[in-house]
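Okay, here's what each chain looks like letter by letter:
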Amino acid sequence: MTQETQEKLLEALDGLFVELSTWLKRLGVSEAKVVELYDAIIRENGLGAKLITDSAKSYLPLASNVPVESVTFKESRTHVHSEEYAAWLLDQPEPSPEELGKLLTAIRDALADAKGHLMQAVKVGPQHKHGGRPKELDDPKKRQEVCERVKQLRGPGSNLQNIFRRVGREYGVSDTTIKRIWSEGSPGAKAERNNL
């Protein structure tokens, strides 16, 4: 590969790292946190690591079939900026202008492609949680106990919302949860709900 081609590739790769850093800053996401997550995926060496290495294989037309290793983000960044990598590129065959154009476009579009893959994965994932939100205080005896406690605190001129708040504190849940339990389990709860 010519030095001019090598420089174009290295410039495109540098641009990729700058774009990644800019993207993360705009999202308000710590680069260190993303690097930690990436490294965890690589260490796990599962499907995520395979996706990353398979994508890396498709970027450069290699002179020989070289296995692409899973490396940490720091190792990857250090390697791409190393003299050894620059020399290795020079040993690769010169791509045709079309191949070089495709390769540079692939590098420039790598983050957009990653976003596309993530969005596609989200679309084919589960669309909703099955069974709804788990109930707090789902034990029927506890729920009946809550209803009894609300009944005990009720009296002339009492404010049900204040009672729900007090019982909620006693059971370590929100007043809305107590209100829901009361409305589901109390005889005459419909009449009480209408008075709130």
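In short, a report on the structure. (Residues numbered from 1 in each chain as written. Predicted model: local features only at pLDDT ≥ 70, side-chain atom pairs only at ≥ 80, totals over all residues. Heavy atoms only, no water.)

Positionally, Val-29 belongs in the loop between helix 1 (3–27) and helix 2 (31–44). By relative accessible area, Val-29 is classed as partly exposed at 33%. (Helix = DSSP H or I, 4+ residues; strand = E, 2+ residues; numbered from the N terminus. Buried < 20%, exposed > 50% of the residue type's maximum accessible area, 1.4 Å probe, protein only.)

Here the focus is the packing of aromatic side chains. Per the stated rule, a full pass over the model turns up one aromatic pair. Ring centres of Tyr-85 and Trp-88 lie 5.7 Å apart, and the angle between their planes is 25°; on these two criteria the pair is classed as stacked. Taken as a pair, Tyr-85 and Trp-88 lie in helix 5 (residues 83–90) at a separation of three residues, close to a single helical turn. (Phe/Tyr/Trp six-rings, centres within 6.5 Å; stacked < 30°, edge-to-face > 60°.)

All right, on to the side chain of Ser-82 then. Among the structural elements, Ser-82 can be located in the loop between helix 4 (73–80) and helix 5. Residue Ser-82 is classed as buried on the basis of its relative accessible area, which comes to 15%. Here the side chain of Ser-82 touches Tyr-85 through a polar contact of 3.1 Å, landing on its backbone nitrogen. (Polar contact = N/O pair within 3.5 Å; in protein donor to acceptor, adjacent residues only side chain to side chain.)

Structurally, the position occupied by Thr-5 is in helix 1. Owing to a relative accessible area of 4%, Thr-5 belongs among the buried residues under this scheme. Beyond its immediate stretch of four places on either side in the chain, Thr-5 contacts Glu-94, Pro-95 and Leu-100. (Contact = heavy atoms within 4.5 Å.)

Now for the packing of helix 1 against helix 5. The contact between helix 1 and helix 5 brings their axes to 9 Å, and the two run at 135°. Between helix 1 and helix 5, the interaxial angle falls into the category oblique. Where helix 1 crosses over helix 5, the two elements pack in a sense that is right-handed. Facing Gln-3, Gln-6, Leu-9, Leu-10 and Leu-13 of helix 1, the residues of helix 5 in contact are Tyr-85, Ala-86, Ala-87, Leu-89 and Leu-90. A class-by-class count of the residues in the contact of helix 1 with helix 5 yields eight nonpolar, two polar and no charged. (Axes fitted to C-alpha atoms, helices over the stretch in contact; angles between N-to-C directions. Parallel < 35°, antiparallel > 145°, perpendicular 65-115°, else oblique. Left-handed = near helix turned anticlockwise from the far one by under 90°. Nonpolar A, V, L, I, M, F, W, Y, C, P; charged D, E, K, R; others polar.)

For the coordinates displayed, the defined rule picks out seven salt bridges. Put simply, Lys-142 and Glu-145 hold a salt bridge, and the shortest N to O gap is 3.9 Å. With Lys-142 and Glu-145 both in helix 8 (residues 140–153) and three residues apart, this pair spans about one turn of that helix. Judged by relative accessible area, which is 35%, Lys-142 ranks as partly exposed. On the accessibility criterion, Glu-145 (39% relative accessible area) is partly exposed. Taking the shortest distance from any N to any O, the salt bridge between Glu-148 and Lys-151 comes out at 3.6 Å. Remark: Lys-151 and Glu-148 occur in helix 8; sequence separation between them is three residues, near one turn of the helix. (Salt bridge = Lys/Arg side-chain N within 4 Å of Asp/Glu carboxyl O.)

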